[in-house]
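Chain and residue survey
One letter stands for each residue in the lines below.
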Amino acid sequence: MRKCMVALAVLMILVSSVAASADSFEKEYEPEAGEGWLICTIHHERQEFKYKDSVKSMTGVLHHFVSEQYTLSFSLDKKIKAGEPMKLNAINLIEIISSEPSTAGYYASKKSRGTDVESEVLLMDPAQPEILQGTFSVVVPKGDRWVGDLRPGILDAIELEDGEFCFYPVL
């Protein structure tokens, strides 16, 4: 009986610590340079990403984020203004690599002459002008190419819903 009580107490402690760690993601709205986060719902599960870095190119700035199951990169349209929601092509390039069994593979979408990116972004006025902060949603179709072991996604498209980000890009 005593062993049973001890086992039950240990189980309750483990359950409460797992629940506490699931809620421990803290949204910092004034991140330091080179830090930040992104959260969204992917395939019905909340995902939490950490900002990795940003790379400037001729077509814009590509921002990279990582989580346990996904890597995510996206570029925002240069015409986006804080406080004004932008639909269709607000995100003009997005790539997602999934190691999650239910969504595994490579997903990508890029604005081109014949292709639109189904996205919506609302930038906020951040605490500091260097910080990018906003909300978003986007539908990303499976990639149509093989790149090393980055096979096309197993779903026709992957939806990122209820997204929010705040990061201080370093270029």
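Reading the values: the criteria
Residues numbered from 1 in each chain as written. Predicted model: local features only at pLDDT ≥ 70, side-chain atom pairs only at ≥ 80, totals over all residues. Heavy atoms only, no water. pLDDT = per-residue confidence, 0-100. Helix = DSSP H or I, 4+ residues; strand = E, 2+ residues; numbered from the N terminus. Contact = heavy atoms within 4.5 Å. Core = buried A, V, L, I, M, F, W, Y, C linked by side-chain atoms within 4.5 Å. Buried < 20%, exposed > 50% of the residue type's maximum accessible area, 1.4 Å probe, protein only. Phe/Tyr/Trp six-rings, centres within 6.5 Å; stacked < 30°, edge-to-face > 60°.

**Some details on the confidence of the model for the protein**
Caution applies to low-pLDDT parts of the model: their predicted coordinates are not meant to be read in detail. Confidence in the prediction for the protein averages 86 pLDDT; 85% of positions are at 70 or higher. Across the protein, the element-wise mean pLDDT spans from 40 in helix H1 (residues 2-22) up to 98 in strand E1 (residues 36-42). Contacts from residues 3-23, a stretch scored under 50 in pLDDT, to residues over four places away or in other chains number one contact.

**Structural notes on the nonpolar core**
The nonpolar side chains of soluble globular proteins are, as a tendency, buried together. Of all hydrophobic cores here, the largest spans 27 residues; its most connected members are Leu38, Ile94, Ile96, Val121, Phe136 and Leu160. Dropping the residues within four chain positions of it, valine 121 is found in contact with Leu76, Ile80, Glu84, Pro85, Met86, Ala90, Ile91, Thr135, Phe136 and Phe165. Counting five residues, the second-largest nonpolar core is a separate cluster that includes Trp37, Ile39, Ile131 and Cys166.

**Some words on the packing of aromatic side chains**
Tallied over the entire structure, the rule returns ten aromatic pairs. Arranged with centres 5.6 Å apart and planes meeting at 70°, the rings of tyrosine 51 and phenylalanine 65 form a pair that is edge-to-face. On the criterion of sequence distance, the pair formed by tyrosine 51 in strand E2 (residues 45-57) and phenylalanine 65 in strand E3 (residues 60-66) is long-range, its members being 14 residues apart. Phenylalanine 65 sits in the buried class, given a relative accessible area of 1%. What links up through ring pairs into an aromatic cluster is the set Tyr51, Phe65, Phe74, Phe136, Phe165 and Phe167.

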